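Spelled out, the chains give:
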Amino acid sequence: SQTIHQWPATLVQPVGSPLSLECTVEGTSNPNLYWYRQAAGRGLQLLFYSVGIGQISSEVPQNLSASRPQDRQFILSSKKLLLSDSGFYLCAWSVLGVEAFFGQGTRLTVV
Amino acid sequence: AQSVTQLDSQVPVFEEAPVELRCNYSSSVSVYLFWYVQYPNQGLQLLLKYLSGSTLVESINGFEAEFNKSQTSFHLRKPSVHISDTAEYFCAVSDRGGTASKLTFGTGTRLQVTL
């Protein structure tokens, strides 16, 4: 069966520090991979999606970047965090966009 | 481009009462429709989905949703809620087909069930 792992579960980082959130998927090949951010009262905002290794599409301009070094690995990064980067980050995968399966999320607090 | 509107940010309801969570969408192409549920500090879990066929879809825990193409709606209903149904509910839409299909979510509805 397919599973998705996302870590860490919580993270507190100072402003200006770097960020690396990792997501891996098991049990499927060539999935679409997504990073979402959830802010209170704003639903889920799609940040990045990838349809293959090295292929990244950005939905909104911001202080973050994403990479897909392997078929089932998706990384969210930042060189210098801002206070506004705080939020709940969710990784997800799907096949042909029929439905998405989510990780447990990372609560990021930038202080 | 697609969009999803969930007009109710919060819905308070007493246990064993019926509930309806509203969802409307807009899209220029045919879509798949989904309802996800999120419990505190957890990821999203798929509750039910409409892909094709019968416009009424059901979940294993008593929720149902009906796809209404003319009204571009996909409202979620349950005839009798339980305390354990307290959670955030998200409606989502995805365009049909294509390798780059993406889910677009509404802003969510907080269902609060009380005794």
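Bear in mind the structure is a predicted one, so any value in this text is a computation, not a measurement. (Residues numbered from 1 in each chain as written. Chains lettered and ligands numbered in written order. Predicted model: local features only at pLDDT ≥ 70, side-chain atom pairs only at ≥ 80, totals over all residues. Heavy atoms only, no water.)

A. Geometry of the confidence of the model for chain B. Taken over all residues, the pLDDT of chain B has a mean of 91, while the share at 70 or more is 96%. Predicted confidence in chain B is weakest over strand 11 (residues 103–105) of chain B, with a mean pLDDT of 87, and strongest over strand 3 (residues 19–21) of chain B, with 98. (pLDDT = per-residue confidence, 0-100. Helix = DSSP H or I, 4+ residues; strand = E, 2+ residues; numbered from the N terminus.)

B. Just the pattern of salt bridges, in detail. Residues and elements named next belong to chain A. Scanning the entire structure with this criterion turns up six salt bridges over all chains. Asp 85 is the salt-bridge partner of Arg 37, the closest N and O atoms lying 3.9 Å from each other. In this pair, Arg 37 is assigned in strand 4 (residues 32–38) and Asp 85 in the loop between strand 8 (73–78) and strand 9 (87–94), connecting sequence segments 48 residues apart. Taken as a pair, Arg 37 and Asp 85 share a single burial class, namely buried. Its salt-bridge partner being Arg 68, residue Asp 71 comes within 3.2 Å of it at the nearest N-O pair. You can call Arg 68 buried: its relative accessible area is 3%. (Salt bridge = Lys/Arg side-chain N within 4 Å of Asp/Glu carboxyl O. Buried < 20%, exposed > 50% of the residue type's maximum accessible area, 1.4 Å probe, protein only.)

C. Highlighting the nonpolar core. Formed by 27 residues in total, the largest nonpolar core has its most connected members in Leu 33, Trp 35, Leu 48, Phe 74, Leu 76 and Tyr 89 of chain B. Elements supplying a minimum of two residues to this core: strand 2 (10–14), strand 3, strand 5 (31–38), strand 6 (44–50), strand 8 (64–68), strand 9 (73–78), strand 10 (87–95) and strand 12 (109–114) of chain B. Ignoring anything within four residues of it in the chain, the contact list for Tyr 89 of chain B reads Gln 6, Leu 21, Trp 35, Tyr 36, Val 37, Leu 47, Phe 63, Leu 76, Gly 108, Thr 109 and Leu 111 of chain B. Counting residues in hydrophobic clusters, the runner-up holds 19 residues, among them Cys 23, Leu 64, Trp 93 and Val 110 of chain A. (Core = buried A, V, L, I, M, F, W, Y, C linked by side-chain atoms within 4.5 Å. Contact = heavy atoms within 4.5 Å.)

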